[in-house]
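# Structural characterization, general
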Amino acid sequence: MTKKVIIFLVVFLIVQDVKAEEPEMYTYKTMKTNMLELSKRYELEVKEFGQSEFGRDLLAIKVGKGKRSILITGSHHGREWMSTHIIMKMIKEYASAYQHKQTLFGHNLNILDDVSIWFVPMVNPDGVTIQQQGIDHFPFLLQEIYVDMNEGENNFLRWKANALGVDLNRQYPAGWEKIKGDTAYASYSHYKGEKPLEAKETRALVDFTEKIQPLTSAAYHTSGRELYWYYYNELSHLQRDYQLVDIIAEKTGYKVSYPPYNAIGGGYTDWFIQSYQRPALTIELSYPVEETNPPLSVLPEEWKRNKEVGFIICKFAKEELLEKE
């Protein structure tokens, strides 16, 4: 074997190894396949709690045997699918350690016998599909309309809405009427819709939340490394609710957003706080990015910052909510 051939083989193997280490982008189909595989491998409960506007299944999966639960959601917005990556890794790591009765990141997984975690990795599968793959997977007669909603652009990397041009995190009935800065028509971003909960995805998530009655909730988004936690929280709950966000801020290194006196709602976290008078937070992954998805290169760092978040919320829910009911 010549020296050139040896060098070529070494370079080839290095390149293949690097490719093997690169995380796979979670499409809707990849996520659904992996969720079903994980459910079989670790005997996890999976629920189809609704469908998107174009018939994609809305899926939730539970880790733990506790009768009470917390809820962690991701990808309310099409371009924010890195949140799905984080959640899917949580499911895999937590479920494996729980099945094998191991500690994980210094946490005793017996907590999941008392408080389970329901995960919804992708609230907006239609929007994610448009952002990742374009509009070829949608009816041909609608494709010109999508370009119009995208302000004439054929590149959909900034797409945030669902497949009907509704921004799902402006759809919840908590201050919906007061939302400002929205567009008047269906758009790639910022259209709150004609009325709250008109989108199938938000109606389904509200129904699912009301069914499982989670003790706390966290909604993952992507841009800014910041934590949002306030929507006119009851004065008697402020210290309790801030305690949770402070613990997570210390663990993740994310900035805590302090509440404006005139907070405007419409988001899932706003609705949860208002409806249940329990703590909830929105977690923004990644350094700030403009109108697109964060690069996959930041995923290892974001996982390192967030890998314990599920356990932290479970422990808080048990000690500060469940045991005080």
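Residues numbered from 1 in each chain as written. Predicted model: local features only at pLDDT ≥ 70, side-chain atom pairs only at ≥ 80, totals over all residues. Heavy atoms only, no water.

Take the overall build of the protein next. Looking only at helices and strands, the protein features 11 helices and 8 strands. Across its three principal directions, the C-alpha atoms of the protein cover 75 × 55 × 35 Å. Within the protein, contacts between residues separated by at least 24 positions form 79% of all contacts whose residues are at least 6 apart in sequence. Summing over all exposed atoms, the protein offers an accessible surface of approximately 15,500 Å²; the carbon and sulfur share of this is 51%. (Helix = DSSP H or I, 4+ residues; strand = E, 2+ residues; numbered from the N terminus. Contact = heavy atoms within 4.5 Å. Areas by Shrake-Rupley, 256 points an atom, 1.4 Å probe, with all protein chains shown as cover.)

Below, the discussion takes up the nonpolar core. Counting 57 residues, the largest nonpolar core has F119 and L281 as its most contacted members. Among the elements that line this core, the one with the most residues is helix α3 (residues 82-99), at 10 residues. Listed in part, the 24 residues of the second largest apolar core include V123, Y172, L205 and V206. (Core = buried A, V, L, I, M, F, W, Y, C linked by side-chain atoms within 4.5 Å. Buried < 20%, exposed > 50% of the residue type's maximum accessible area, 1.4 Å probe, protein only.)

The predicted coordinates ought not to be read in detail in places where the model reports low pLDDT. Chain-level statistics for the protein give a pLDDT mean of 92 and a share of 92% at 70 or above. With pLDDT under 50 throughout, residues 4-21 is counted as low confidence; its partners more than four residues away or in other chains account for 2 contacts. (pLDDT = per-residue confidence, 0-100.)

So, on to the packing of aromatic side chains. Note on aromatic pairs: each is described by the distance of the centres and the angle between the planes. All chains considered together, the criterion is met by 20 aromatic pairs. For the pair Y231 and Y232, a centre-to-centre distance of 4.9 Å together with 75° between the ring planes defines the contact as edge-to-face. Note on Y232: relative accessible area 40%, which makes it partly exposed. Between F272 and Y276, the aromatic rings sit 4.9 Å apart at their centres with planes inclined by 45°, giving tilted as the arrangement. Linking F272 with Y276, this pair stays in helix α9 (residues 268-276), spanning 4 residues, or about one helical turn. There is no split in this pair, since F272 and Y276 are both buried. Each member of the aromatic cluster is reached from another via a ring pair, and the members are W229, Y230, Y231, Y232, Y242 and Y258. Directly above the aromatic system of W176 lies the positively charged group of K192, at a separation of 4.2 Å from the ring centroid. (Phe/Tyr/Trp six-rings, centres within 6.5 Å; stacked < 30°, edge-to-face > 60°. Lys NZ or Arg CZ within 6 Å of the ring centre and 35° of its normal.)

Positioned with a positive phi, K101 is a non-glycine residue whose angle comes to about 55°. Classification of K101 as exposed rests on a relative accessible area of 77%. A positive phi angle, close to 50°, is found at Y232, a residue other than glycine. Checked against the element boundaries, Y232 lands in the loop between β6 (226-228) and α8 (238-252).

Moving on, we come to the pairing of strand β4 (residues 115-120). Counting buried residues along β4, 6 of its 6 residues qualify, which places the element largely inside the surrounding structure. Burial of β4 is two-sided: the residues V115, I117 and F119 facing one way and the residues S116, W118 and V120 facing the other way are all buried. Where strand β2 (residues 57-63) lies against β4, 3 bridges are found, and the strand directions are antiparallel. Looking at the pairing, I61 lines up with F119 of β4. Strand direction decides the pairing type here: strand β3 (residues 68-73) and β4, joined by 6 bridges, are parallel. By the bridge assignment for β4, I70 is matched with I117. (Pairing = 2+ DSSP bridges.)

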